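Per-entry structural report
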Amino acid sequence: MSDEPPVRVALRVHDVSAAAALYEELGFVQIGTVPDPSGLVLMAILRRGPLQLLVDALEGIPFPETERERLTKAGPRGLGVVIGVEVADVDEMARRCEVAGCVITAGPESAPWGERYVEVEDPYGYSWKFFRVLLDPPDDGLQAASDMWFGTAPGP
């Protein structure tokens, strides 16, 4: 086995340097960059625990010209995907996200399924969920989620 992180997520953005700086504010550590011949950063590699984050430029990297590539460039990017990262202090992460220019879309709150979380959208259109599992999560976590979303089911 290599010392590479077991999970990699790649995000496409208009400004790799600015995005990398934002993700560093959210606890990632920059490992390296790949510039073009003029010095413009086309890719930044960041890590946080077992997660490696590859931040790629929308333009400048020779991705194959496909319908998917055209749609990726047109955006919006990241619809339907939420990147979850465990943190020690959800409320502190919510504060850091706001300062970094993210929009809080849910929380911070303690959920009945046994976690404290905050969900944010970053300035590049990607959704993040920062969470902490509570010490004593309920045994009925999935039922608690269902009840919260849909209300309790009517009796027979």
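Read on for a plain summary of the structure. No experiment lies behind these values; they were computed from the predicted model shown. The numbering scheme is per chain: residues are counted from 1 as the chain's sequence reads. In keeping with the model being predicted, local features are shown solely for residues with a pLDDT of at least 70 and side-chain atom pairs are shown and tallied solely at 80 or more, while totals for entire chains, interfaces and linings include all residues. Values shown for side chains rest on all heavy atoms present in the structure; no hydrogens or waters enter the calculation.

1. Re the overall build of the chain
We apply this condition: Helix and strand definitions here come from DSSP, where helices need a minimum of 4 consecutive H or I residues and strands a minimum of 2 consecutive E residues; each element is numbered from the N-terminal end. In this scheme, a residue with accessible area under 20% of its type's maximum is buried, one over 50% is exposed, and one in between is partly exposed, where area comes from a 1.4 Å probe on protein chains only. In what follows, residue pairs with any heavy atoms lying within 4.5 Å of each other are defined as contacts. What sets the accessible areas is the Shrake-Rupley method with a 1.4 Å probe; for residues, cover comes only from the shown protein chains.
Assigned secondary structure in the chain consists of four helices and eight strands. Among the 156 residues that make up the chain, the fraction classed as buried is 33%. Long-range pairs, those at least 24 residues apart, make up 51% of the contacts in the chain with a sequence separation of at least 6. Surface exposure of the chain reaches about 9,400 Å², of which carbon and sulfur atoms provide 56%.

2. Thoughts on the sheet that holds strand β1 (residues 7-13)
The strands making up a sheet are joined through hydrogen bonds of the backbone, oriented either antiparallel or parallel. What counts, and what does not: In this analysis, strands are considered paired if DSSP registers two or more bridges between them. Lines fitted to C-alpha atoms define the axes here, with helix axes fitted over just the stretch in contact, and angles between the N-to-C directions of these axes take values from 0 to 180 degrees.
Across the sheet, four strands lie side by side as β1-β4-β3-β2; this open sheet has mixed pairing. Both outer strands of the open sheet, β1 and β2 (29-35), are each paired with one neighbouring strand and no more. Going from strand to strand, the sheet's axes swing by 20 degrees on average, the running direction of each strand aside. As paired strands, β1 and strand β4 (residues 51-57) are joined by seven bridges and run parallel to one another. Within β4, the residue paired with Arg12 across the bridge is Asp56. Each of β1, β2, β3 (41-48) and β4 is contacted by helix α1 (residues 16-25), which is oriented at about 10 degrees to β3, the strand it contacts most.

3. Quick word on the sheet that holds strand β7 (residues 115-121)
Overall, mixed pairing links the four strands, which are arranged β5-β8-β7-β6 in an open sheet. Whereas interior strands pair on both sides, the edge strands pair on one side only; in this sheet they are β5 (82-86) and β6 (103-111). Ignoring which end each strand starts from, the neighbouring axes of this sheet average 15 degrees apart. Relative to β7, β6 runs antiparallel, the two sharing six bridges. Counterpart to Glu109 in the pairing with β7 is Tyr117. Contacting β6, β7 and β8 (127-133), helix α3 (residues 90-99) crosses the sheet at an angle of about 10 degrees to β7.

4. Topic: the environment of Pro50
Secondary-structure assignment places Pro50 in the loop between β3 and β4. Of the residues examined, Pro50 reaches a relative accessible area of 54% and is grouped as exposed. Sequence separation between Pro50 and Glu4 is 46 residues, and the spatial gap between their C-alpha atoms is 8.5 Å.

5. A word on the side chain of Gln52
To keep things clear, this is the line we draw: Polar contact is defined as a pair of N or O atoms within 3.5 Å, subject to the rule that within protein one atom must be able to donate a hydrogen and the other to accept it, and that residues adjacent in sequence are counted only when both atoms are side-chain atoms.
Take Gln52: it is sitting in strand β4. You can call Gln52 buried: its relative accessible area is 5%. A polar atom in the side chain of Gln52 sits 3.1 Å from the side chain of Arg47. If near-sequence neighbours (up to four positions away) are discounted, Gln52 is found in contact with Glu4, Pro5, Val7, Arg8, Val9, Ile45, Leu46 and Arg47.

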